[in-house]
Structure formats: structure tokens, C-alpha cells
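# Structural description and commentary
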Amino acid sequence: MGKENETSPSPPPSAITHEKSDPALALKRSIPTRMIDSFRRDPNQRVTSSGEIIDLKLEHGYRHKESDSYDVETAIENTATSPLARKLEARHVQMLAIGGAIGTGLFVGSGKALAAGGPASLIIAFIITGLMLYCTVYALGENELFLDPAWGFAMGWNYALQWMVTLPLSIVAASMTIQYWDSPISPALWVTIFLAMIIGINLFGVNGFGEAGFWFALVKVIAIIGFIILGIILDCGGGPNHDYIGGRYWRDPGAFNYGFKGLCSVFVTAAFAFSGTELVGLAAAETADPRKSLPLAVKQTFWRISFFYLISLTLIGLLVPYNDERLLNGKTGADAKASPFVLAITNAGIPVLPSIFNTIIMLAVLSVGSSSIYGSSRTLAALAEQRQAPRLLSYIDRKGRPLVSISATSLVGLIAYTAVMSPDAEGEVFNWLLAISGLSSIFTWLTICLRHIRFRAAWKLQGHAVSNLPFISMMGIYGSWLGFLLNSLVFIAQFWIGFAPEGYGDMTVKGTVEGFFMVYLAAPIILVSGIGYKLWMRTKWVRLVEVDLKTGIWGGMENLEDMRTAEKEERREWGW
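Residues numbered from 1 in each chain as written. Predicted model: local features only at pLDDT ≥ 70, side-chain atom pairs only at ≥ 80, totals over all residues. Heavy atoms only, no water.

### A short note on the overall build of the chain
Along the chain, the regular secondary structure elements total 25 helices and zero strands. For the chain, restricting intrachain contacts to residue pairs at least 6 apart in sequence, the fraction spanning at least 24 positions comes to 83%. (Helix = DSSP H or I, 4+ residues; strand = E, 2+ residues; numbered from the N terminus. Contact = heavy atoms within 4.5 Å.)

What follows is the structure, given as C-alpha cells:
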């Protein structure tokens, strides 16, 4: 191997290196010293250099050194052996997915969707999106491989960008929520407080983040269950005004608004609302037993989120008419004054409770902001380990924190200050941030389904039986094809909505172009990044026979039969 290209040696060991083997040594050192040392690079971290990758490729029989600019096997190995702290418990993983998904999209974004499509469109779009997600999360629980490094680059940066812009988006939403009480305090101060709080939670490490996420999610779950009970009572006439509502608003003003086009316009909001559920895949890398925790989270998370979404949104469609002026006058989809949850309680004439629920909405969007730093920083670190991002972003300290990636994501949070410079800027910044992240979730889910399709094909081609898989997707390969098809149709529908929105005949050229990018901005970003990387790095589509089914998957192929037996024994304990 070329000495000039070898991986840089690890820093010389210090006393902190031996803390795990000698706890007494750690206790003798001062707290400030331990804190400073905890930010140093993990001595076990190793990112393979490009020169060593070329030597490895030649060693394994690759002939054209100059054409092989990317090594899939080494990329998988680097990711699989990442020194991220494996301290998350199964309850953390499940609540992390629930907490990441239940937030701005459900509590306040659903108001914009209700006004755009009506109650029937709201439910239909969320059911279809839920089916797409059902196929996706089961595919996620089974597969792990590359399609093409360029596709991986586009998806990785798309996913990182999705979560990076979610951070300032959540902070803007939280600061706007404060305005519900006509707070005299400057919104800029609230942005500072919220940003510091979110960054602090992530700097406590995966343990602190896991615990905070667990309790945040628990509060949201309790709030939704409470609203479901209250909503049933209110619809049946059990509120203070004893007004029986029933299906009144489905008849007048009606179940649909703008017909099929109104239905299509709800899909992006539904995808934004469901996004975050796939965080179980990232979180599993920081659990002690990913093989057990990931399938368990996959099975439980989807049903719980779908239950909360569909029942609560059905009640929203019964309690709030889609032509309510307060919905239409909401400055953005983050305006808590336009939240259908708050409006339903306000319409019932219940005092104090709207303020309580508004507080819960604020906590909900802040918890999504915390999840955004987690999701983005782990994705950036993984990209750096695969040499698809600046090497500095792969820095992981001795507490298992991707410190530089956390800092980079936190800096993006400063965009939130531009939203509070003026009342008009607030809504405009939020809408453009939402435009960037709008279709990102759809692309991520589409990619997961396609990866599963390719995984099954490679698994079969390389002589393995489906029955030997430690975790088998309940929907199988047909579920992934269905998920891929539905995600593709949503992409097409959104292009139609962006190109020819309702009333486009009366719009100016500038308004039409701006409206298109408000809906479809994520698509050109994905295309430019993917095609640009492929042309620059001259990557090749990974052939099925070359797919690595050994490295980083379930602890190794040699232990596959033992793990399959253990999975059968544990399956009965996993619950629903």
C-alpha cells in the first residue's frame, strides 16, 4: 500500500482513552477536564482515505484504477463501524419516530391542507400517504445497500437538507406560536431561546436527546388522545354550547374543495406531516441491538402514528369547515391561530383549553426541531464517512456525538432570524423553507422502496432464500413496488399542481413560476446534485451480482442462521 495515501494515524492515547476500562481513573479527573476531553475525536474512528481505497480495489481484482473513483464496500464498512454511541433504548427509538413525525404538519399544517382540499381530500390523501409509508417502513426494516453512489449522494444530501431546513422552519413556527398570546417580547429573543434549547438537547449526547425526545413525544401522544376524546364529545353535542355537529360540515360547505386538484394539493402537506417516521432507520444505528430494535420500532410506530393521524384528522374535518376564514387567513401553514385543533376547541367555547393546546403545539414543533438536528447531523456524518461530504463533518467525539455536523446544522438554524426581521418576511421565509423540504420525504421513501426491490433481487441472485432473512417485510416485494408506484404518482401530481395550480389562468408569469417552485423546488435540487455527482465522479450503477450482502448487515452473514433462530424466539415478545 502507498504510504503517502494511508489513513492518518489516530492521535496518541491519553488517560481519557482508558476511561471505559478503568472508571476509577475518570472519577479522579476534574469535571472541566472531562468535559473538554469529551469533545476530542474518538480514537477508534477511522475514515479510509482515497489512496487506500484505490489500493484495496486493486487488491480485490479491479483493473482500472483511474476509473474507480468510489468504493461501495469501503463506504458500507465505514458506516457500519461508525463510533456513534449505541445507547438508545427501544422505547427511545419508537418515541423518536413518533416525536419526529407528530408536529407542525399535523397540528397546524393540516389547517392549510383542510382549506385547500376539504375534509374528504384531507383523509384520502393521508390514507394514501400512510399506505406509502407502510410499504416504506417495512422495506426499511429489511434492506441496506447502494443503488448507485450518485443516487446515494443525491438522496443523502436531499435528506440532510430536508432536516437542516426543518430546524429554522420549526423555530419560526414556534416563535409564531408565541404570538397567539400577543407576546410583547421580540420574536428574535424567542428564536434565540428556542435555538439554544434545541442545540443544548443535542449536545447532551444521544442519551439526553433520547430522553428528551421520549418525554416530548409522550406529551404529544397524550395531547392527541385527549383531543380525540374531546372531539368525539364535541361532535356529539357534549360541549358547553350543546351544539350537535355530526356531519354538518361535510354537507355544507361540502366534503371536497377544488375537486381532484384540491386532493392532489394535499399530498405534500401529508408527506411533510408523516416525514420523520423513517428516523427509526437512523436511530437504530445508535442502539445496542439494531437487529431487534429496528423491526420492533417499524412494527409499532406505523400503526400508532396512523391511528393518531387518521382519527384526529377525521374529527378535525367534522368540527371545522374548510371555508373557515381563520384557516384561510393564516399567514402560513405554521400559524397556530390557523390550527384546526385550536379552532375546534375555540368554536366549542371552552375557556383556557385553547391556550393549553397551543402550548403543546409549541412543544411539538420544538421537538421536531430537536429531531431535525439529530437527523441531519447523523446523515452528514454518514456522507462524510463515505467521502460524499467534507471529511471534517465525519468528526465524532469521545461521547459519540458528530460534533462538527451538529454545529453545521445549528448554523443553518440562524436562518430563523431572517424570518423575524419583519412581519412579511416571517411568512415568506417559512414558505420557501417548506418548499425545499416539501417533496424531499417523497424522494426518500421512493428510494427506500427501490432499494428494497434491488435488495431482494440481489439476495435471490446470490443464492439466498427469502426465508433466511432475519426480518421479512410483511408487504414483501409487492409492497415495495406499490410504494414506489404511489410515490412516483405523487411526484407527477405535484408537477401538475405546480405547473397548473387552481386559478392559474388569472396568474401572472412571475406568480406562476414562483408558485411552481414553491411546490416543486426539491426536484431540481435532487436532479442537479445527483447528475452532477455522477458526471464528476464517473460512478457506475451497482450490479446485482456486486451488491455487498455481508458488510454491515445484521452483524455479518456468518451469523445469519443464529440470528434468524433468535428472531423467531423473540418475535412473540415484540407486541403489536
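### Topic: unusual backbone geometry
For the bond from Asp-252 to Pro-253, the omega torsion is 15°, close enough to zero to count as cis. Looking at where Pro-253 falls in the secondary structure, it is placed in the loop between helix H10 (248–251) and helix H11 (259–264). The backbone phi angle of Tyr-258 is positive, close to 65°, even though this residue is not glycine. With respect to the element layout, Tyr-258 can be found in the loop between H10 and H11. Unlike most non-glycine residues, Arg-387 shows phi in positive territory, near 60°.

### Overview of the pattern of salt bridges
Pairing is possible between side chains of opposite charge, provided their charged atoms come close. For the coordinates displayed, the defined rule picks out three salt bridges. For Arg-326, the salt bridge goes to Asp-324, with nearest N and O atoms at 2.9 Å. Using a relative accessible area of 11% as the deciding quantity, one classes Asp-324 as buried. For Asp-397, the salt bridge identified is with Arg-401, shortest N-O distance 2.8 Å. Judged by its relative accessible area of 0%, Asp-397 falls in the buried class. (Salt bridge = Lys/Arg side-chain N within 4 Å of Asp/Glu carboxyl O. Buried < 20%, exposed > 50% of the residue type's maximum accessible area, 1.4 Å probe, protein only.)

### Section: the packing of aromatic side chains
Within this structure, the stated rule accounts for 26 aromatic pairs. Ring geometry for Phe-307 against Phe-308: centres 5.6 Å apart, planes inclined by 65°, an arrangement best described as edge-to-face. When its relative accessible area of 6% is taken as the criterion, Phe-308 is described as buried. Clustering of aromatic rings is evident, with ring pairs tying together Phe-491, Phe-495, Phe-499, Phe-516, Phe-517 and Tyr-520. (Phe/Tyr/Trp six-rings, centres within 6.5 Å; stacked < 30°, edge-to-face > 60°.)

### Considerations on a nonpolar patch on the surface
A grouping of Ile-185, Leu-189, Ile-193 and Met-197 is seen on the molecular surface, where their side chains present a nonpolar patch of about 310 Å² in accessible area. Position of Ile-185 relative to the elements: it lies in the loop between helix H7 (149–178) and helix H8 (187–203). The exposure class assigned to Ile-185 is partly exposed, which follows from its relative accessible area of 35%. (Patch = residues over 30% accessible without salt bridge, like charges linked within 9 Å, V, L, I, M, F, W, Y side chains within 5 Å. Areas by Shrake-Rupley, 256 points an atom, 1.4 Å probe, with all protein chains shown as cover.)

### Some thoughts on the nonpolar core
Formed by 88 residues in total, the largest nonpolar core has its most connected members in Phe-107, Phe-126, Phe-227, Tyr-309, Phe-357, Tyr-374 and Ile-442. Of the residues forming this core, the biggest block, 16 residues, is contributed by helix H6 (residues 104–140). Excluding residues that lie within four positions of it along the chain, Phe-227 makes contacts with Ser-312, Leu-315, Ile-316, Leu-319, Phe-341, Ala-344, Ile-345 and Phe-357. In this structure, Leu-167, Ala-173, Trp-190 and Leu-433 belong to the second largest nonpolar core, which totals 31 residues. (Core = buried A, V, L, I, M, F, W, Y, C linked by side-chain atoms within 4.5 Å.)

### Re the environment of Ala-458
Tracing the backbone shows Ala-458 in helix H21 (residues 440–461). Measuring from C-alpha to C-alpha, the distance between Ala-458 and Arg-543 comes to 8.5 Å, with 85 residues separating the pair along the chain. Those residues in contact with Ala-458 that sit more than four places away from it in its chain are Leu-544, Val-547 and Leu-549.

### A closer look at the packing of H6 against helix H17 (residues 353–385)
A pair of packed helices can be characterised by two numbers: the angle between their axes and the separation between those axes. Look at H6 against H17: their axes get within 9 Å of each other, and the N-to-C directions meet at 120°. Judged by residue contacts, Thr-104, Phe-107 and Val-108 of H6 engage Phe-357, Ile-361, Ala-364 and Val-365 from H17. (Axes fitted to C-alpha atoms, helices over the stretch in contact; angles between N-to-C directions.)

### Some points on the environment of Ile-345
Following the sequence through the fold, Ile-345 ends up in helix H16 (residues 340–347). Judged by its relative accessible area of 1%, Ile-345 falls in the buried class. The spacing of Ile-345 and Leu-234 is 111 residues in sequence and 8.7 Å in space, taken between C-alpha atoms. Ignoring anything within four residues of it in the chain, the contact list for Ile-345 reads Phe-227, Leu-230, Ile-350, Leu-353, Pro-354 and Phe-357.

### Notes on the packing of H21 against helix H22 (residues 476–499)
Here H21 crosses H22 at 150°, and the two axes come no closer than 9 Å. Accordingly, the angle class assigned to the pair H21 and H22 is roughly antiparallel. For the element pair H21 and H22, the recorded crossing hand is left-handed. Each of Ile-442, Phe-443, Trp-445, Leu-446, Cys-449, Leu-450, His-452, Ile-453 and Arg-456 in H21 lies in contact with H22, whose residues at this interface are Gly-476, Ile-477, Ser-480, Trp-481, Gly-483, Phe-484, Asn-487, Ser-488, Val-490 and Phe-491. Looking at the contact of H21 with H22 residue by residue, the class counts come to 12 nonpolar, six polar and one charged. (Parallel < 35°, antiparallel > 145°, perpendicular 65-115°, else oblique. Left-handed = near helix turned anticlockwise from the far one by under 90°. Nonpolar A, V, L, I, M, F, W, Y, C, P; charged D, E, K, R; others polar.)

### Concerning H16
Of all eight residues that make up H16, six are buried, and the element is covered over most of its length. Of the residues making up H16, those classed as buried are Pro-340, Phe-341, Val-342, Leu-343, Ala-344 and Ile-345. One or two steps after H16, the chain reaches Gly-349, where phi turns positive at roughly 75°.

### Brief notes about the confidence of the model for the chain
Interpretation of the predicted coordinates at a detailed level should be avoided for regions scoring low in pLDDT. When the pLDDT values of the chain are averaged, the result is 77; 72% of them are 70 or greater. Between the elements of the chain, mean pLDDT differs from a low of 43, seen in helix H3 (residues 50–59), to a high of 94, seen in H10. Segment residues 1–21 is flagged for pLDDT under 50; beyond a separation of four residues in sequence, or across chains, it makes 30 contacts in the model. (pLDDT = per-residue confidence, 0-100.)

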